[in-house]
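Read off the chains here:
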Amino acid sequence: MVSRSRREVICPVVPAWGVPLEAPRVEIVGDSLLVVRWCQGAWQLKEKRFQPYVQECVNKMMRLQDVRICAPRCQTSWWIRHVPREFNARADELAKTCLRSGAPYAFCSACGQRPIAISVHFDGGHKDGRGSSAWTMSCAVDISYQWQIIAEAATYHKQDATSVSAEMIACWQASRALEQYLLHRSIQFDADGSVHAA
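Residues numbered from 1 in each chain as written. Predicted model: local features only at pLDDT ≥ 70, side-chain atom pairs only at ≥ 80, totals over all residues. Heavy atoms only, no water.

### Focus: the packing of helix H2 (residues 33-40) against helix H5 (residues 163-184)
One way to put it is that H2 packs onto H5 with a least axis distance of 9 Å and a crossing angle of 50 degrees. Considering the angle they form, H2 stands oblique to H5. As H2 runs across H5, the sense of the crossing is right-handed. From H2, Leu-34, Val-35, Trp-38 and Cys-39 reach across to H5, where they touch Val-164, Glu-167, Met-168 and Cys-171. When its residues are assigned to classes, the contact of H2 with H5 shows seven nonpolar, no polar and one charged. (Axes fitted to C-alpha atoms, helices over the stretch in contact; angles between N-to-C directions. Helix = DSSP H or I, 4+ residues; strand = E, 2+ residues; numbered from the N terminus. Parallel < 35°, antiparallel > 145°, perpendicular 65-115°, else oblique. Left-handed = near helix turned anticlockwise from the far one by under 90°. Contact = heavy atoms within 4.5 Å. Nonpolar A, V, L, I, M, F, W, Y, C, P; charged D, E, K, R; others polar.)

Below, the structure is given as structure tokens:
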């Protein structure tokens, strides 16, 4: 039997990048390569109207990581990644349903146990100048990684919507929802289905 010192028992195990092992691994996932690359800083953002959204997304995720509340899904990955549309089906379905109905939607439930991983998928849609933004949050509570949807929402934009603006707003809302859930284990919504500003 190996004995441990008092210091080893009290201090959590911390991997090389400084986040305790019990902190959930998080990721934001979308099928808009443009929005993902903007948030990663890989592509230059020339459209000034999107700069506040990108800046808030990046700042929120960096702040959560700096205070050791979460970490990216693995040491060598970003907190945001791109996937093909077929791997973003639920968020895509929510965005299309909201666009057709014109009605916002919001849902949040407790995960039960403390999650070891949280994945938030976002998507946006537009048609005839109208748009919708949607996101869905899932958590895994053990290493079997059986994902359970714990929150999702869709918002409707009546005018001046483009594909990029709908996707960017969806990503921005997803980062707000993730921050609230990590800090409070709940999400507050406004009447239009958007995540309430903390």
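### Some words on the nonpolar core
Judged by nonpolar contacts, the single largest core of 37 residues is most densely connected at Ile-28, Phe-122, Trp-135 and Met-137. Counting residues per element, the ones that place at least two in this core are strand S1 (25-30), H2, helix H3 (51-66), strand S5 (117-127), strand S6 (130-140), strand S7 (148-157) and H5. No other element matches the 10 residues that H5 contributes to this core. Counting residues in hydrophobic clusters, the runner-up holds five residues, among them Leu-94, Cys-98, Ala-134 and Ala-154. (Core = buried A, V, L, I, M, F, W, Y, C linked by side-chain atoms within 4.5 Å. Buried < 20%, exposed > 50% of the residue type's maximum accessible area, 1.4 Å probe, protein only.)

### Remarks on the environment of Ala-23
By secondary structure assignment, the location of Ala-23 is in the loop between helix H1 (6-10) and S1. A C-alpha to C-alpha distance of 8.5 Å links Ala-23 and Ala-117, two positions 94 residues apart in sequence. Once residues within four sequence positions are removed from consideration, Ala-23 is found in contact with Arg-68, Ile-69, Cys-70 and Arg-114.

### Observations concerning the pairing of S5
Successive residues of a regular strand alternate their side chains across the two faces of the sheet. Taken across its 11 residues, S5 has nine buried, putting it largely inside the fold. Bridging between S1 and S5 involves six bridges; their strand directions are parallel. For Val-29, the partnering residue across the bridge sits in S5 and is His-121. Sheet analysis places S5 next to S6, joined by 11 bridges and oriented antiparallel. Considered in S6, the bridge of Gly-124 is made with Ser-133. Here S5 hands over to S6 after two residues, with Asp-128 in that stretch at a positive phi of 55 degrees. (Pairing = 2+ DSSP bridges.)

### Side note on the packing of H3 against H5
Where H3 contacts H5, the two axes come as close as 9 Å, and the packing angle between them is 25 degrees. On the basis of their axis angle, the class for H3 and H5 is roughly parallel. When you trace H3 past H5, the crossing you get is left-handed. Residues Tyr-53, Val-54, Glu-56, Cys-57, Lys-60, Met-61, Arg-63 and Leu-64 of H3 form the contact with H5, whose own contacting residues are Met-168, Ile-169, Cys-171, Trp-172, Ser-175, Arg-176, Leu-178, Glu-179, Leu-182 and Leu-183. Tallied by class, the residues present in the contact of H3 with H5 amount to 12 nonpolar, one polar and five charged.

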